[in-house]
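The residues making up each chain are set out below.
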Amino acid sequence: MDFEQQPPLRVLLASAFITADQQGDMFRVDSEDRVCKFCHAPDSLHHRHWLCPRTQESRNQICPTDLAIIQQQPPCCQERGWCVELPIARQFRQALI
C-alpha cells in the first residue's frame, strides 16, 4: 500500500467519523458546513453509500436483485454494514460448538 493511501485507512480503523453530519456533532460545525465534500449535498452515511455521485461506480457493481434486498433492510444494515441476526442463529451456533 502506498504511503498516501494509509491515512484514510488509519482514520477508519480508529473509528473516526467520515461524514460531515457526524463531525458536526463532535466538532460543533455549523449546519452549513455539514455538506458532502464531493457533491455539496447534505452529508450522511446514507448519502455517501446510496446517493452521492462520487460513489455511484461502487453502487453500479451491486446486482439489482441484491440492491433491492439491501434497500429493504433497516438503516443499520444499509449504513453501517451491520447484519440483523435472528435470536435463533446464536443458539444454533452454540449448538454446533
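Residues numbered from 1 in each chain as written. Predicted model: local features only at pLDDT ≥ 70, side-chain atom pairs only at ≥ 80, totals over all residues. Heavy atoms only, no water.

Moving on, we come to the side chain of R59. Among the structural elements, R59 can be located in helix 4 (residues 56-59). For the buried R59, which has no salt bridge, the nearest side chain bearing the opposite charge is D43, at an N-O separation of 11 Å. A polar contact of 3.3 Å, which involves the side chain of R59, links it to the backbone oxygen of W50. Leave out the neighbours within four places in its chain, and R59 touches R48, H49, W50, L51, C52 and P53. (Helix = DSSP H or I, 4+ residues; strand = E, 2+ residues; numbered from the N terminus. Buried < 20%, exposed > 50% of the residue type's maximum accessible area, 1.4 Å probe, protein only. Lys, Arg positive; Asp, Glu negative; His and termini not counted. Salt bridge = Lys/Arg side-chain N within 4 Å of Asp/Glu carboxyl O. Polar contact = N/O pair within 3.5 Å; in protein donor to acceptor, adjacent residues only side chain to side chain. Contact = heavy atoms within 4.5 Å.)

The subject of this paragraph is the pattern of salt bridges. Summed over the entire model, instances satisfying the criterion amount to 1 salt bridge. Of the charged contacts in the structure, one is a salt bridge between D43 and R48, with a shortest N-O distance of 2.9 Å.

The next subject is the side chain of H47. Turning to its location among the elements, H47 is positioned in helix 3 (residues 45-51). Residue classification places H47 among the buried residues on the basis of a relative accessible area of 6%. Once residues lying within four places of it in the same chain are set aside, the contact partners of H47 are C36, C39, A41, P42 and C52.

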